[in-house]
Amino acid sequence: MTVINRFQVKGDSERFVRKFRAHSQYLRTRPDFDFLVTVQLVESPQVFVNLGHWRTVRGFLRTVHDDTFQAHVRQLGPMIDTEADQALSVARVLKENAIVGAENVVLTRARPHRDPHGFERRFAELNEHFARLGGFGGSDLLRSTLHPDTYIGIQWWHDTEVCDRALDNGPRRALADLMARNADVFVERGRHLAYERVLS
């Protein structure tokens, strides 16, 4: 299970990043936590998206009821407006890691008009195209459990330069246009802030 939080920071984003990093390090110690990814939007730098991956729902529920988790929520709450979602991965491609600090992540939110499996196939075709270009790190396509008609996709590249080339590629634009004909698609570019696994 993946918990997706979208944070709109009200004030000092650097202070939020410091506080949220402390919370992230706490999560890494929790039973059944797997890994997290944190992204800052390039065009809206006050917005952060965090994807926390859990091996079990039970581990997540035990954590959110823990006193330390609740204390962190009370500290972070006044600093942000937040949207939350939960999702399950339907297709994951892992090739290489993304450099931290680079603008090398693309987030996609999509709601297919009719055939969700057709959208999944088109997303996979886009990944295959990116892989042929080189420098593609991978992707995770998730389907919301709260809004089952909605997908959240994350794709990443090794660095900013290869991401720029991939997004400016003609065949990529044609594939993206085909995808958008059959779904409401919203795409955002992100700066990779963190990829951290559970602390053993």
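Structure's up top.
As the structure is a computational prediction, the values presented were derived from the model and not from experiment.

Definitions and limits used
Residues numbered from 1 in each chain as written. Predicted model: local features only at pLDDT ≥ 70, side-chain atom pairs only at ≥ 80, totals over all residues. Heavy atoms only, no water. Buried < 20%, exposed > 50% of the residue type's maximum accessible area, 1.4 Å probe, protein only. Helix = DSSP H or I, 4+ residues; strand = E, 2+ residues; numbered from the N terminus. Pairing = 2+ DSSP bridges. Axes fitted to C-alpha atoms, helices over the stretch in contact; angles between N-to-C directions. Arc of directions from axis to C-beta. Contact = heavy atoms within 4.5 Å. Salt bridge = Lys/Arg side-chain N within 4 Å of Asp/Glu carboxyl O. Parallel < 35°, antiparallel > 145°, perpendicular 65-115°, else oblique. Left-handed = near helix turned anticlockwise from the far one by under 90°. Nonpolar A, V, L, I, M, F, W, Y, C, P; charged D, E, K, R; others polar. 1 Å grid on protein atoms, 1.4 Å probe; cavity = no way out; pocket = protein on both sides within 12 Å on 5 of 7 lines; lining within 4 Å. Points joined across faces, edges and corners; volume = space filled by probe spheres on them.

1. Quick notes on the pairing of strand β5 (residues 105–112)
Counting buried positions along β5 yields six of eight residues, so the element is predominantly enclosed. With six bridges joining them, β5 and strand β7 (residues 151–157) adopt antiparallel strand pairing. If you follow Arg109 over to β7, its bridge partner there is Ile152. Where β5 lies against strand β8 (residues 183–197), eight bridges are found, and the strand directions are antiparallel. Within the sheet, the bridge partner assigned to Thr108 lies in β8 and is Val187.

2. What about the sheet that holds β5?
Hydrogen bonds along the backbone pair up the strands of a sheet, which may run parallel or antiparallel. Around the barrel, which closes on itself, the eight strands sit in the order β1-β3-β2-β8-β5-β7-β6-β4 with antiparallel pairing between neighbours. Within this sheet the neighbouring strands show an average axis-to-axis angle of 35°, counted without direction. Looking at chain direction, strand β2 (residues 33–41) and strand β3 (residues 47–54) are connected through seven bridges and run antiparallel. Counterpart to Thr38 in the pairing with β3 is Asn50.

3. Re unusual backbone geometry
Phi at Asp32 is positive, roughly 75°, even though this residue is not glycine. For Asp32, the position within the fold is in the loop between α1 (13–27) and β2. Classification of Asp32 as partly exposed rests on a relative accessible area of 23%.

4. As for helix α2 (residues 57–64)
Buried within α2 we find Gly59, Phe60, Thr63 and Val64. Viewed along the axis of α2, the buried residues span an arc of 125°, placing them on a single side of the element. α2 presents Arg58 and Arg62 as exposed residues on the side facing more than 90 degrees away from its buried surface. At its buried positions, α2 is contacted by β1 (2–9), α1, β3, α3 (67–76) and β4 (80–94).

5. Quick look at the pattern of salt bridges
Counted under the stated rule, the structure contains 15 salt bridges. For Arg92, the salt bridge identified is with Asp140, shortest N-O distance 3.0 Å. Taken together, the residues Arg92 in strand β4 and Asp140 in strand β6 (residues 136–144) connect sequence positions 48 residues apart. Linked by salt bridges that have partners in common, Arg6, Arg109 and Glu188 make up one network.

6. Here's the deal with the packing of α1 against α3
At a minimum axis distance of 11 Å, the contact between α1 and α3 shows a crossing angle of 170°. Looking at the two axes, α1 sits roughly antiparallel to α3. The two elements α1 and α3 meet at a crossing, and its hand is left-handed. Contact with α1, carried on its side by Phe16, Lys19, Phe20, Ala22, His23, Tyr26 and Leu27, involves Thr68, Phe69, His72, Gln75 and Leu76 of α3 and no other residues of that element. Each residue belonging to the contact of α1 with α3 can be placed in one class, and the counts come to seven nonpolar, four polar and one charged.

7. Here's the deal with the layout of surface pockets
By volume, the largest pocket amounts to about 420 Å³. Around the largest pocket, the lining is made up of 23 residues, and of these Asn5, Phe7, His23, Phe69 and Val73 lie nearest the centre. At the level of elements, β1, α1, β3, α2, α3 and β4 are the ones that each hand at least two residues to the lining of the largest pocket. If you tally residues by element for the lining of the largest pocket, the top one is β4, at five residues. A per-class count over the lining of the largest pocket returns 14 nonpolar, eight polar and one charged.

8. With respect to the environment of Glu14
Relative to the elements of secondary structure, Glu14 occurs in helix α1. Residue classification places Glu14 among the exposed residues on the basis of a relative accessible area of 57%. C-alpha separation for the pair Glu14 and Gln46, spaced 32 residues apart in sequence, amounts to 9.7 Å.

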